[in-house]
Amino acid sequence: MAIHSMVAAHSKRPVVPDIIFGTSKEAQDAEAKFGKEAVINATIGALMDDEGELIFFNSVMKHIREMPDAKLAAYAPISGIPDYLESVKHACFKDFMPKGYIEAVATPGGTGAIKHAVWNYTDMGDEILTANWYWAPYKTIAEEHGRKLRTFNFFNFETNSMDVPAFKAEVESLLKIQDRLLIILNTPAHNPTGYSVSDSEWTEVNAFLREKAAETGKKIILFVDVAYIDFAGTAEASRRFFGNFDNLPENLLVLVGYSMSKGYTLYGMRCGAILCVAANQEIATEFKDVCSFSNRGAWSNGTRAAMHALADAYKDPAYLSAIETEREFFRALLDRRNNAFIEAAKEAGLRTVPFTAGFFVSIPCEDPMAVAAKLKEDNLFVIPLQKGLRFAPCAVSEEKCRKAPAMIKKYL
Ligand code: PLP
């Protein structure tokens, strides 16, 4: 009998085409056919200028280009270069460094951090909790490691805020059946909705998790995915919530996934970090050991040049200030596009998911695939999600952001 498959049982799964890259390709084909002006390509998860070209920070690119060859070419230590590991703590927390035991390990982007959290802090078959509007790779990473993803209802549309009771109910339910629980919260400037968990919601989530940790004695790991933190408002607005993690109890561990993809426009250089905020040094050292081991077991070491690009900034105030000035300029551009979209949505009577800041806005709808297909006919390309459409102001001019809501509303 002919053999048609050689893969092991755990790797057999349906082949699902990548909807983001697929739709993005269709948009590019339309641009080639009808011209860029005639097409709204709101599919891409990267900052693009008004002509649809990738935005990058000249300060960072120049710094990398001027690095000595040896710095570019050499291996980095497995856990990351020491200067990077120190400076990434400052880049991540800025003035809001939680009071606790903090360690960091370099990873290839924020994705690597998620992988390490899933592998090292859950048991085989465990369910991982995240919001029901979520970045699809969470599920991929969970399944790749023999774990499952469970979701809680993220929004109360009556109050335009987080459905904290739904979050609590799922945490309680999972703590009844598992000895440990990994929760992934992507905030501030969540992908795909742009929502940032508010201060009062954080206070409630924090108090509840501490209460559950004390009551059950089980191990609770909260992974905060801050991939968009540098485009989520001022340092104060985007980082104040870290204050919740002061003096954690021993069985509540906070992990933070930091990424240089957006904040330094180094998407393809694959650099980020997983950081921990732990109750004591033993838990922090254990974190560092297991994540370093996982680095060796998965990809060995990370991208040295990208690590230097960040570490050097924290040694050179002029270079750091040049990065911050550029970032501020593009953050203002993004805010203008977001405001244009939200204002035009209000005018058109188009309901969006609660929005705070960031790269994306989402529109809840019944049959996202059908609506997205209709919009393609009008040369408007958005990503259909399970529960709605994702529009990416990060990739579209202010003018097109203003135009799109009425076009979408037509099909809802
Ligand atoms: N988390 C979210 C929600 C994201 O959208 C992304 C990138 O799109 C990441 C994490 C990680 O990205 P990277 O691995 O490029 O740092």
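Residues numbered from 1 in each chain as written. Predicted model: local features only at pLDDT ≥ 70, side-chain atom pairs only at ≥ 80, totals over all residues. Heavy atoms only, no water.

Engineer: Describe the site of the ligand, naming the residues involved and giving the relevant values.
Structural biologist: In the vicinity of the ligand there are 14 residues, among which G110, T111, D225, S259 and S261 approach most closely. Here an oxygen atom of the ligand and a side-chain polar atom of N191 are 2.8 Å apart. In this structure, a nitrogen atom belonging to the ligand sits 2.5 Å away from a side-chain N or O atom of D225. When atom positions are compared with the pocket grids, the ligand is found to occupy the largest pocket. The greatest single-element share of the shell around the ligand, amounting to 3 residues, is contributed by helix 5 (residues 109-121). Grouping the amino acids of the shell around the ligand by side-chain chemistry returns 4 nonpolar, 7 polar and 3 charged. (Near = heavy atom within 4 Å. Polar contact = N/O pair within 3.5 Å; in protein donor to acceptor, adjacent residues only side chain to side chain. 1 Å grid on protein atoms, 1.4 Å probe; cavity = no way out; pocket = protein on both sides within 12 Å on 5 of 7 lines; lining within 4 Å. Sits in = over half its atoms within 2 Å of the grid points. Helix = DSSP H or I, 4+ residues; strand = E, 2+ residues; numbered from the N terminus. Nonpolar A, V, L, I, M, F, W, Y, C, P; charged D, E, K, R; others polar.)

Engineer: Account for the pairing of strand 4 (residues 148-152), with residues named and values stated.
Structural biologist: Bridge count between strand 3 (residues 127-131) and strand 4: 5 bridges; the pairing is parallel. Bridge pairing in strand 4 links I128 to L149. Taken together, strand 3, helix 6 (residues 137-144) and strand 4 constitute a β-α-β crossover, and its handedness is right-handed. (Pairing = 2+ DSSP bridges. Right-handed = clockwise from strand over helix to strand, strands pointing away.)

Engineer: With reference to specific residues and values, describe helix 11 (residues 281-298).
Structural biologist: The end-to-end C-alpha separation of helix 11 is 25 Å, in line with the 26 Å expected for 18 residues at 1.5 Å each. Three or more residues of helix 11 are buried, namely I283, A284, F287, C291, S292, S294 and N295. Considered in projection along helix 11, the buried side chains sweep an arc of 165° and stay on one side of the axis. Turned more than 90 degrees from where helix 11 packs its buried face, E282, F293, R296 and G297 sit exposed. Of the surrounding elements, those touching the buried residues of helix 11 are strand 2 (101-107), helix 5, strand 9 (252-259) and strand 10 (272-278). The N-cap of helix 11, judged by a side-chain oxygen 3.2 Å from the amide nitrogen of E282 a few residues on, is N280. A positive phi of about 70° marks S300, the residue just after helix 11. (Expected span 1.5 Å × (residues − 1). Buried < 20%, exposed > 50% of the residue type's maximum accessible area, 1.4 Å probe, protein only. Arc of directions from axis to C-beta. Contact = heavy atoms within 4.5 Å.)

Engineer: Explain the layout of surface pockets to me, using residue names and the numbers behind them.
Structural biologist: By volume, the largest pocket amounts to about 1600 Å³. If you trace the largest pocket, you find 47 residues lining it, with D18, I20, W135, A136 and P137 closest to the centre. Mapped by element, the contributors of at least two residues to the lining of the largest pocket are helix 1 (19-34), helix 5, helix 6, helix 10 (260-263) and strand 13 (383-384). By volume, the second largest pocket is sized at about 310 Å³. Taken together, 18 residues form the lining of the second largest pocket, with E31, D50, E51, G52 and K400 sitting closest to its centre. Among the elements of the structure, helix 1, strand 1 (40-41) and helix 15 (398-409) are those that each provide at least two residues to the lining of the second largest pocket. (Points joined across faces, edges and corners; volume = space filled by probe spheres on them.)

Engineer: So what's going on with the pairing of strand 11 (residues 361-364)? Residues and values would help.
Structural biologist: Residues of strand 11 alternate between two faces, with V361 and I363 on one and S362 and P364 on the opposite face, all of them buried. Bridging between strand 11 and strand 14 (residues 388-391) involves 4 bridges; their strand directions are antiparallel. Residue pairing across strands places S362 opposite R390, the latter belonging to strand 14.

Engineer: Break down unusual backbone geometry for me, with residues and values.
Structural biologist: The linkage connecting T187 with the following residue, P188, adopts the cis geometry, with an omega of 0°. With respect to the secondary-structure elements, P188 resides in the loop between strand 7 (180-186) and helix 8 (199-216). Cis geometry is adopted by the peptide bond preceding P192, which originates at N191 and carries an omega value of 20°. One non-glycine residue with positive phi stands out, namely N247, at about 50°. Structurally, the position occupied by N247 is in the loop between helix 9 (235-239) and strand 9. Its relative accessible area of 56% is what places N247 among the exposed residues. You will see that S300, though not glycine, has its phi angle at about 70°, which is positive. Its location among the elements puts S300 in the loop between helix 11 and helix 12 (304-313).

Engineer: How would you summarise the packing of aromatic side chains if you had to cite specific residues and measurements?
Structural biologist: Given two aromatic rings, one states the distance between the centres and the angle between the planes to describe the pair. Taken as a whole and judged by the stated rule, the model has 21 aromatic pairs. An angle of 80° between the planes, with centres 4.7 Å apart, marks the rings of F93 and F242 as edge-to-face. Of this pair, F93 sits in helix 4 (residues 82-93) while F242 is found in the loop between helix 9 and strand 9, placing the two residues 149 residues apart along the sequence. Ring plane angle 65° and centroid distance 5.1 Å describe the contact between Y228 and F359, whose orientation is recorded as edge-to-face. Of this pair, Y228 sits in the loop between strand 8 (219-225) and helix 9 while F359 is found in the loop between helix 13 (317-348) and strand 11, placing the two residues 131 residues apart along the sequence. When its relative accessible area of 1% is taken as the criterion, F359 is described as buried. Here the aromatic cluster, defined as three or more aromatic residues joined through ring pairs, consists of F152, F154, F155, F157, F167, Y195 and F208. (Phe/Tyr/Trp six-rings, centres within 6.5 Å; stacked < 30°, edge-to-face > 60°.)

Take it as geometry only, folks, not as evidence of what the structure does.
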